[in-house]
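These are the residues of each chain, in order.
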Amino acid sequence: MTPELRAIADRFIYEQATLKHIAALAPEEALRRPVSGHDWNVAQLLGHLGSSLGTYAEVVRHWLA
């Protein structure tokens, strides 16, 4: 694995862990709060970020193939 690809993978792992940490610590009522400037609530935003990380993982998987 090249250093550049390793850095991408490390960043992905860090971002995934951060997202899980935020979701685990947020009280349930916080997840229903609206996100300023958007039509989403916090739970929808976290879901979108999670989906984006899944897409990102697929891109990295293709680079490794």
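How each quantity is defined
- Residues numbered from 1 in each chain as written.
- Predicted model: local features only at pLDDT ≥ 70, side-chain atom pairs only at ≥ 80, totals over all residues.
- Heavy atoms only, no water.
- Helix = DSSP H or I, 4+ residues; strand = E, 2+ residues; numbered from the N terminus.
- Core = buried A, V, L, I, M, F, W, Y, C linked by side-chain atoms within 4.5 Å.
- Buried < 20%, exposed > 50% of the residue type's maximum accessible area, 1.4 Å probe, protein only.
- Contact = heavy atoms within 4.5 Å.
- Expected span 1.5 Å × (residues − 1).
- Polar contact = N/O pair within 3.5 Å; in protein donor to acceptor, adjacent residues only side chain to side chain.

## Thoughts on the environment of glycine 50
Point 1. On the secondary structure map, glycine 50 appears in helix α3 (residues 42-64).
Point 2. For the pair formed by glycine 50 and alanine 26, sequence separation is 24 residues and the distance between their alpha carbons is 16 Å.

## Looking at the nonpolar core
Point 1. Formed by Phe12, Leu19, Leu46, Leu53 and Ala57, the largest nonpolar core amounts to five residues.
Point 2. Contributing elements (two or more residues each) for this core: α1 (3-25) and α3.
Point 3. Of the residues forming this core, the biggest block, three residues, is contributed by α3.
Point 4. Ignoring any residue separated from it by four or fewer positions in sequence, one finds leucine 53 in contact with Phe12, Glu15, Gln16 and Leu19.

## Section: α3
Point 1. The first and last C-alpha atoms of α3 sit 33 Å apart over 23 residues, in line with the 33 Å expected at 1.5 Å per residue.
Point 2. All of the buried residues along α3 are Leu46, Leu53, Ala57 and Val60.
Point 3. Contacts made by the buried residues of α3 are with α1 and α2 (28-31).
Point 4. Residue asparagine 41 occupies the N-cap position of α3, its side-chain oxygen lying 3.1 Å from the main-chain nitrogen of alanine 43.

## Overview of α1
Point 1. With 23 residues, α1 should cover 33 Å at 1.5 Å per step; its first-to-last C-alpha distance of 33 Å lies within 8% of that length.
Point 2. Listing the buried residues of α1 in full gives Leu5, Ala9, Phe12 and Leu19.
Point 3. Looking at the buried side of α1, the elements it contacts are α3.

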